[in-house]
Amino acid sequence: MSKRIVCAVLCAVLVLSCTPLSGFAASTIVSGEWGDVSWAIYENAYSEWISPSGEVCGEDEPGAEERVAAELVIRGPGEIPDAPRTSEEEGYNPIRPWNDYDIAVVRVEDGITRIGSCAFGGFDLREVYLPSTLLEIGSEAFS
């Protein structure tokens, strides 16, 4: 009987050791380059519960819905460009590669020296990480 248990444990260890760790992490939705920098969006990186009135709450609150959002990671070295805007008829909206994603976390890594105007404005950000190499933040970068 104990040989069967040992065999089962060894088989489980063998199977788990062959499983890639990336299967347990948030996966990349999309990535690219913009100006001098590269960027990647990771799905399911942030989660919170929202009440029917729009406030953050616990998952046990009646009518609460889970918001699952993404994390945007920007790598350098270089500068994040200013975001150009659409026409007046279209509301002067910033044009950025990550416009179509629900981003809650922005992580700007070491090597980035400037964040351009309107780079992250309009997102419902919950966490922002800035590097020690950052020297300048453009107007309306986060508004």
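Look up a bit, the structure's there.
Because the structure is a prediction, the values reported are computed rather than measured.

Colleague: Tell me about the nonpolar core, and name the residues and values.
Modeller: Across soluble globular proteins, nonpolar side chains have a tendency to be buried as a group. Among the nonpolar cores identified, the biggest contains 21 residues, and Leu72, Ile74, Ile80, Trp98, Ile115 and Phe120 are the most heavily contacted of them. Broken down by secondary-structure element, the contributors of at least two residues to this core are β2 (37-50), β4 (65-75), β6 (103-108) and β7 (112-115). In this view, Leu72 contacts Trp39, Ala40, Ile41, Trp98, Ile103, Val105, Val106, Arg107 and Phe120; residues no more than four positions away in its chain are not counted.

Colleague: Go over the pattern of salt bridges with me, naming the residues and quoting the values.
Modeller: Summed over all chains, the structure comprises 10 salt bridges. A salt bridge links Asp82 to Arg114; the shortest N-O distance between them is 3.0 Å. Of the two residues, Asp82 sits in the loop between β5 (78-80) and β6 while Arg114 sits in strand β7, which places them 32 residues apart along the sequence. On the accessibility criterion, Asp82 (41% relative accessible area) is partly exposed. Here Arg114 falls in the buried class, since its relative accessible area comes to 14%. The shortest N-O distance in the salt bridge between Glu136 and Arg114 comes to 3.3 Å. Here Glu136, found in strand β9 (residues 136-137), pairs with Arg114, found in strand β7; they are 22 residues apart in sequence, far enough to count as distant. Each of the salt bridges in this network shares a partner with another, and the network as a whole consists of Glu48, Arg67, Asp102, Asp124 and Arg126.

Colleague: So what's going on with the side chain of Arg67? Which residues, and what values?
Modeller: Take Arg67: it is sitting in strand β4. When sequence neighbours within four positions are dropped, the list of residues in contact with Arg67 reads Tyr46, Ser47, Glu48, Ile50, Asp102, Ile103, Ala104, Asp124 and Arg126.

Colleague: Explain the environment of Asn44 to me, using residue names and the numbers behind them.
Modeller: As for its position among the elements, Asn44 is in strand β2. The spatial distance from the C-alpha of Asn44 to the C-alpha of Ala104 is 10.0 Å, given a sequence separation of 60 residues. Ignoring any residue separated from it by four or fewer positions in sequence, one finds Asn44 in contact with Val68 and Ala69.

Colleague: So what's going on with unusual backbone geometry? Which residues, and what values?
Modeller: The residue after Gly76, namely Pro77, is reached through a cis peptide bond having omega 15°. Mapped onto the fold, Pro77 is located in the loop between β4 and β5.

Rules used in this analysis
Residues numbered from 1 in each chain as written. Predicted model: local features only at pLDDT ≥ 70, side-chain atom pairs only at ≥ 80, totals over all residues. Heavy atoms only, no water. Core = buried A, V, L, I, M, F, W, Y, C linked by side-chain atoms within 4.5 Å. Buried < 20%, exposed > 50% of the residue type's maximum accessible area, 1.4 Å probe, protein only. Helix = DSSP H or I, 4+ residues; strand = E, 2+ residues; numbered from the N terminus. Contact = heavy atoms within 4.5 Å. Salt bridge = Lys/Arg side-chain N within 4 Å of Asp/Glu carboxyl O.

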